[in-house]
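# Results of the structural survey
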Amino acid sequence: PRGGRKQASNMARYIFQRLVQGVVVLLAVSFICFLIFRFTGDPVLMLAGKYATQQEREQVRVAYGLDKPFYVQYANFLGNAVQGNFGKSYVSQVDALDTILERFPATFELALSAIAISFIIGVSLGVVVSLRPGSALSRVIMAGSLGGISVPTFLMGIIWVMIFAVYLEWLPPFGRGDTVQIGPWRTGFLTVDGLKHLVMPALTLSGYQLAVLLRLTRAGMREVLGEEYIKTAWAKGLSPFKVIVKHALRNVLIPVVTIAGLSFGELIAFSIVTESIFQWPGMGSLLLVSIFETDHPVIVTYIMLAAFIILAINILVDLLYGWLNPKIQYD
């Protein structure tokens, strides 16, 4: 019991340290974003219109607080951000955070589907290849994984469209399809049409991560299968499932889970190319439009939200280590 309390105390201290580090990172990200966009065009020209007079432009500048010094604008931004207020879009005049959160379910479901495909298939194939490294099937799988790493995402998306939408006509080429509203969340998981629209974007987005997880699992399994405790497990007559999954794979999963967690955060935050190819109504396509329109509030809010999501996922992944390996101490 005393050891358990000590471990719980260490875990609480570790979580607190990570939260403090996360706050520092978010402050740094917000400052860099504000500093960059301060010198990337004058939003007053967009807000007032290109035919506005100088007096009208000055009125807009004062109304949005753009006449104040940089540090005052930044302090105001932080004060509002703590309250969940990131300002209004310069283009739509709608709350920037609400605009992004409206697109979040589409991006999250796409990223979740992609990382599930990557993890399940990648780890499974990695185990298969590690058990029979010299077989013809293993060579084919490894060659395919090399293609998954080498082929660009946009080209893979075009290939899927040509095969499944143009030639076979099995799947729709773009859009999200039918969705169902459940409270504030709009999901496509509960409709057949939504699932059909999800298949190709998810396959496209999962290609690179699947190949990485496959090769990482294969390397770890080949190393672990030669350890003495695995040989002892075989000698005891344990079933292949227990030896491979419970003893070998569980010890390999720590680096795999780390990469999967980092990849999941990246898929949520940076699926711009895939969303553009398939016209997926997610956060990535919104960011692209906002960059073209110099919509600073939406861009800054997007980057802040992406940084928060990635930090939160990293903390969750660190906590998973203790479940995968109880010997890990949170010092």
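Data block above holds the structure.
Everything in this summary refers to the structure shown in the same document. (Residues numbered from 1 in each chain as written. Predicted model: local features only at pLDDT ≥ 70, side-chain atom pairs only at ≥ 80, totals over all residues. Heavy atoms only, no water.)

### Digging into the overall build of the protein
Secondary structure summary: the protein contains 13 helices and two strands in total. The principal-axis extents of the C-alpha atoms in the protein amount to approximately 85 × 65 × 35 Å. Long-range pairs, those at least 24 residues apart, make up 73% of the contacts in the protein between residues at least 6 apart in sequence. Side-chain charges in the protein split into 26 positive and 20 negative, and the spacing between the mean points of these groups amounts to 15 Å. (Helix = DSSP H or I, 4+ residues; strand = E, 2+ residues; numbered from the N terminus. Contact = heavy atoms within 4.5 Å. Lys, Arg positive; Asp, Glu negative; His and termini not counted. Charge placed at Lys NZ, Arg CZ, Asp CG, Glu CD.)

### Description of the environment of Asp95
Inspection of the secondary structure assignment puts Asp95 in the loop between α4 (70–82) and α5 (96–131). Sequence separation of Asp95 and Val300 is 205 residues, and the distance between their C-alpha atoms is 13 Å. In terms of polar contacts, Asp95 uses its side chain to reach the backbone amide nitrogen of Asp98, at 3.0 Å. (Polar contact = N/O pair within 3.5 Å; in protein donor to acceptor, adjacent residues only side chain to side chain.)

### Description of a nonpolar patch on the surface
Together, Phe154, Leu155, Ile158, Ile159, Met162, Ile163, Val166, Tyr167, Leu168, Trp170 and Val273 make up an exposed nonpolar region whose accessible area comes to about 1000 Å². You can see Phe154 is positioned in helix α7 (residues 153–167). Taking the relative accessible area as the measure of exposure, Phe154 reaches 46% and is therefore partly exposed. (Patch = residues over 30% accessible without salt bridge, like charges linked within 9 Å, V, L, I, M, F, W, Y side chains within 5 Å. Areas by Shrake-Rupley, 256 points an atom, 1.4 Å probe, with all protein chains shown as cover. Salt bridge = Lys/Arg side-chain N within 4 Å of Asp/Glu carboxyl O. Buried < 20%, exposed > 50% of the residue type's maximum accessible area, 1.4 Å probe, protein only.)

### Structural notes on the pattern of salt bridges
Applying the stated rule across the entire model yields two salt bridges. One salt bridge connects Glu109 with Arg176, and the closest N-O pair in it is separated by 3.0 Å. One end of the pair, Glu109, is in helix α5; the other, Arg176, is in the loop between α7 and β1 (180–182), with 67 residues separating them in the sequence. The two residues Glu109 and Arg176 agree in class, both being buried. Salt-bridge contacts for Glu228 lead to Lys231; the nearest nitrogen and oxygen are separated by 3.9 Å.

In short, geometric facts, not functional conclusions.
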